[in-house]
Amino acid sequence: MQNLNQIRARHVLEFANFCKVKGKNGGEVIKDIPPVIMNNGIMAALAYSLEEKVKKDNKTGRVSVEYHPWRTVFDAIAIHLSSDEIGMIPREKNSAELLLDYLADDASSTMLRDITAEAGEWLNFARRLVRKE
């Protein structure tokens, strides 16, 4: 049986190997998330990660949506929290948007504290293991 640190490291390595964190500072965006969570709470940080920018190309008329770089990180945190090994949230709440909906509707203050702590531990590993793009 694996301990929590082994599970966290495995989940972060899966994220680091299969996902790219986009943004002007690449993987450095992970270092910006913990202070925001500490100062504003995990729900506010999640809400911030869900911001979208709609861009229209004036030449082609194509419309595209640009997601906030944090969204990929919070999607990975939601996958971690909903994994069978961690099981802090229901399995189907495996994206940032679904996690925020769940926390807004069903979370007690104790659950928010525990989820915030686990997300912080995941981010500690991510800070060390995720490389800049």
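As shown above, the structure is provided for reference.
Novice: Mind showing me how you'd approach helix α1 (residues 4-18) here?
Specialist: Helical geometry: 3.6 residues make up each α-helical turn, so side chains three or four residues apart lie on a common side. A rise of 1.5 Å per residue sets the reference length of α1, with its 15 residues, at 21 Å; its end C-alpha atoms lie 21 Å apart and thus fit the reference within 8%. Turning to α1, its buried residues number three or more, namely I7, R8, A9, H11, V12, F15 and A16. Close packing links the buried residues of α1 with α2 (29-40), α4 (70-82) and α6 (109-129). Taking the backbone nitrogen of N5 as reference, a side-chain oxygen 3.0 Å away marks N3 as the first, capping residue of α1.

Novice: Please explain a nonpolar patch on the surface as it appears in this structure.
Specialist: On the surface, V54, V63, V65 and Y67 cluster together into a nonpolar patch covering about 390 Å² of accessible area. Examining the composition of the nonpolar patch, we find that three residues originate from one element, strand β2 (residues 63-67), more than from any other. You can call Y67 partly exposed: its relative accessible area is 46%.

Novice: For this particular structure, what's the right way to read α2?
Specialist: Between the first and last C-alpha of α2 there are 17 Å, a value that for 12 residues agrees with the 16 Å anticipated at 1.5 Å per step. Residues of α2 that are buried include every one of V29, I30, I33 and I37, and no others. Viewed end-on, α2 has its buried residues packed into an arc of 90°, placing them on one side of the element. What points out from α2, more than 90 degrees from its buried face, is the exposed set M38 and N39. For α2, the secondary structure elements touched by its buried residues are α1, α3 (42-49), α4 and α6. G41, located one to two residues past α2, shows a positive phi value of around 95°.

Novice: I'm lost on the packing of aromatic side chains in this one. Help?
Specialist: Each aromatic ring pair is specified by the distance between its two centres and by the angle formed by the two planes. Evaluation of the coordinates by the stated rule reveals three aromatic pairs. Between W70 and F74, the ring centres sit 6.5 Å apart and the planes meet at 50°, which makes this aromatic pair tilted. With W70 and F74 both in helix α4 and four residues apart, the pair spans about one turn of that helix. F74 shares its class with W70; the two are buried. Cluster of aromatic residues (ring-pair linked, three or more members): Y48, W70 and F74.

Novice: Teacher, can you tell me more about the pairing of β2 here?
Specialist: Along a regular strand, successive side chains alternate from one face of the sheet to the other. Pairing of strand β1 (residues 52-56) with β2 involves five bridges; the strand directions are antiparallel. Counted as the bridge partner of K55 is S64 from β2. Linking β1 to β2, which pair antiparallel, is a turn of six residues; within it G61 sits at a positive phi near 80°.

Novice: How do you make sense of the pattern of salt bridges when you look at a structure like this?
Specialist: Any two side chains of opposite charge can pair if their charged atoms end up close together. Taken as a whole and judged by the stated rule, the model has seven salt bridges. Close ionic contact of E85 with R10 constitutes a salt bridge, the shortest N to O distance being 2.7 Å. Separated by 75 residues along the polypeptide, E85 in the loop between α4 and α5 (96-106) and R10 in helix α1 bring together distant segments of the chain. Classification of R10 as partly exposed rests on a relative accessible area of 27%. One salt bridge in this structure joins K55 and E66, with 3.0 Å as the shortest N-O distance. With K55 in strand β1 and E66 in strand β2, this pair connects stretches of sequence that are 11 residues apart. Owing to a relative accessible area of 41%, K55 belongs among the partly exposed residues under this scheme. Residues joined in a network through salt bridges with shared partners are R10, E14 and E85.

Cut-offs and rules
Residues numbered from 1 in each chain as written. Predicted model: local features only at pLDDT ≥ 70, side-chain atom pairs only at ≥ 80, totals over all residues. Heavy atoms only, no water. Helix = DSSP H or I, 4+ residues; strand = E, 2+ residues; numbered from the N terminus. Expected span 1.5 Å × (residues − 1). Buried < 20%, exposed > 50% of the residue type's maximum accessible area, 1.4 Å probe, protein only. Contact = heavy atoms within 4.5 Å. Polar contact = N/O pair within 3.5 Å; in protein donor to acceptor, adjacent residues only side chain to side chain. Patch = residues over 30% accessible without salt bridge, like charges linked within 9 Å, V, L, I, M, F, W, Y side chains within 5 Å. Areas by Shrake-Rupley, 256 points an atom, 1.4 Å probe, with all protein chains shown as cover. Salt bridge = Lys/Arg side-chain N within 4 Å of Asp/Glu carboxyl O. Arc of directions from axis to C-beta. Phe/Tyr/Trp six-rings, centres within 6.5 Å; stacked < 30°, edge-to-face > 60°. Pairing = 2+ DSSP bridges.

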